[in-house]
Amino acid sequence: MLKVGLTGGIGSGKSEVSRRLAAKGAVVIDADKIAREVVEPGTVGLARVVAAFGREILRPDGTLDREKLGSIVFSDADQLATLNAIVHPLVGERVATLQNEAAADAIVVYDVPLLAENKLAPLYDVVIVVDAADDTRIRRLADHRGMPEADAKARIAAQASREARLAIADLVVPNEGSLEDLGGRVEEAWAELRRRAGRG
């Protein structure tokens, strides 16, 4: 099994690369997606979050009000630690289950937004960084998400620098151009992953 860490700053196109690798046969494990799944209605995770933070963090339909919870935890380090202590072990269990279900010779891609920030590179056989210049990312966030430029710059500033991400990269997927250009880059990266996995 080849364990691949996939990362890239906001607006870099990491999710698109992840989707394309999955289409080629990679087993993709998306940390953010799992973090949402473990606190869906009816889960142990949501019950524990409600026990810790109160029912006011629920929407009328019983789902987690992420904005309300965010306003609590992102202004209080202790509250954030409480939330992480609930969610992280559940995510870890789910990741382990998905990894165990993958074939022994699978290429498993872990989609991890904060890989550089949390110094997780040593956990993977290969680290892929999807890279684009900051101005390109700011433009994409405005065009695709309607994000004001100041907000986009603040999000980028809050993440690892481009240099810090590139410093941990085994493979870089440049993403400055069109989706067609990106398709070619992903093709090259997939060929290299297959080579490293001994699948030529």
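You'll find the structure just up there.
Since we're looking at a predicted model, the values are computed, not measured. (Residues numbered from 1 in each chain as written. Predicted model: local features only at pLDDT ≥ 70, side-chain atom pairs only at ≥ 80, totals over all residues. Heavy atoms only, no water.)

Looking at the sheet that holds strand E3 (residues 107-111)
Which entries qualify depends on this criterion: A pair of strands is treated as paired once DSSP finds two or more bridges between them. Each helix is a run of DSSP H or I of at least 4 residues and each strand a run of E of at least 2, with the numbering of both proceeding from the N terminus. Axis definition: a line fit to C-alpha positions, over the contact stretch in the case of helices; interaxial angles, taken between N-to-C directions, run 0 to 180 degrees. Contacts between residues were defined by any pair of non-hydrogen atoms, one from each residue, lying within 4.5 Å.
On the basis of which strands lie adjacent, the open sheet formed by five strands has the order E2-E3-E1-E4-E5 and parallel pairing. With one partner strand each, in any of the chains shown, strand E2 (27-30) and strand E5 (171-174) form the two edges of the open sheet. On average, each strand axis in the sheet is tilted by 25° relative to the strand beside it, whichever way the strands run. Sheet strands in contact with helix H1 (residues 14-24) are strand E1 (2-7), E2, E3, strand E4 (126-131) and E5, and its direction is about 150° off that of E1. Packed onto the sheet, helix H5 (residues 77-101) meets E1, E2 and E3 and runs at close to 180° relative to E2.

With respect to H1
Count 3.6 residues to each turn of an α-helix, and residues three or four apart come out pointing the same way. How we decide: The rule is simple: take the accessible area with a 1.4 Å probe, protein chains only, and divide by the maximum for that residue type; under 20% is buried, over 50% is exposed, in between is partly exposed. Picture the helix axis, draw a direction to every C-beta atom, and the arc is the one those directions span.
For H1, the complete set of buried residues consists of Lys14, Val17, Ser18 and Leu21. Relative to the axis of H1, the buried residues are bounded by an arc of 100° and lie together on one face. Exposed and facing more than 90 degrees away from the buried side of H1 are Ser15, Arg19 and Ala23. In the core, the buried residues of H1 are packed alongside E1, E2, E3, E4, E5 and helix H9 (179-196). The first or second residue beyond H1 is Gly25, which carries a positive phi of 120°.

Points about the pattern of salt bridges
The test is simple: In the sections that follow, a salt bridge refers to a side-chain nitrogen of Lys or Arg positioned within 4 Å of a carboxyl oxygen of Asp or Glu.
Under the counting rule described, the total for this entry stands at 12 salt bridges. With a closest N to O distance of 3.9 Å, Glu176 and Arg162 form a salt bridge. Note that Glu176 is positioned in the loop between E5 and H9 and Arg162 in helix H8 (residues 162-167), a separation of 14 residues in sequence. Of the residues examined, Glu176 reaches a relative accessible area of 39% and is grouped as partly exposed. Classification of Arg162 as partly exposed rests on a relative accessible area of 27%. Among the salt bridges present, the one from Glu192 reaches Arg196, with a minimum N-O distance of 2.7 Å. On the criterion of helical spacing, the pair formed by Glu192 and Arg196 is a turn pair, its members being four residues apart in helix H9. Here the residues in one salt-bridge network are Glu16, Arg19 and Arg20, joined through shared partners.

Points about the packing of aromatic side chains
Put simply, the rule is: In summary, the pairing rule links any two rings of Phe, Tyr or Trp, Trp by its six-membered ring, whose centres are within 6.5 Å, and it sorts them by plane angle into stacked for under 30 degrees, edge-to-face for over 60 and tilted for everything else.
Applying the stated rule across the entire model yields one aromatic pair. Measuring from ring centre to ring centre gives 5.4 Å for Tyr110 and Tyr124, while their planes differ by 45°; the resulting arrangement is tilted. A residue pair is termed long-range when its members are at least 10 positions apart, and Tyr110 in strand E3 and Tyr124 in the loop between E3 and E4 qualify at 14 residues. Using a relative accessible area of 14% as the deciding quantity, one classes Tyr124 as buried.

Overview of the side chain of Thr136
Short version of the rule: What qualifies as a polar contact is a pair of N or O atoms within 3.5 Å, subject to a donor-acceptor requirement within protein and to the restriction that residues adjacent in sequence count only when both atoms come from side chains.
Following the sequence through the fold, Thr136 ends up in helix H6 (residues 134-145). A distance of 2.7 Å separates polar atoms of two side chains, one belonging to Thr136 and the other to Glu176.

Some points on the pairing of E4
Most of E4 sits out of view: six of its six residues are buried. Residues Val126, Ile128 and Val130 line one face of E4 and the alternating positions Val127, Val129 and Asp131 line the opposite face, and both faces are buried. Note: E1 against E4, four bridges, orientation parallel. Counterpart to Leu6 in the pairing with E4 is Ile128. Across four bridges, the pairing between E4 and E5 is parallel. The residue of E5 that forms the bridge with Asp131 is Pro174.

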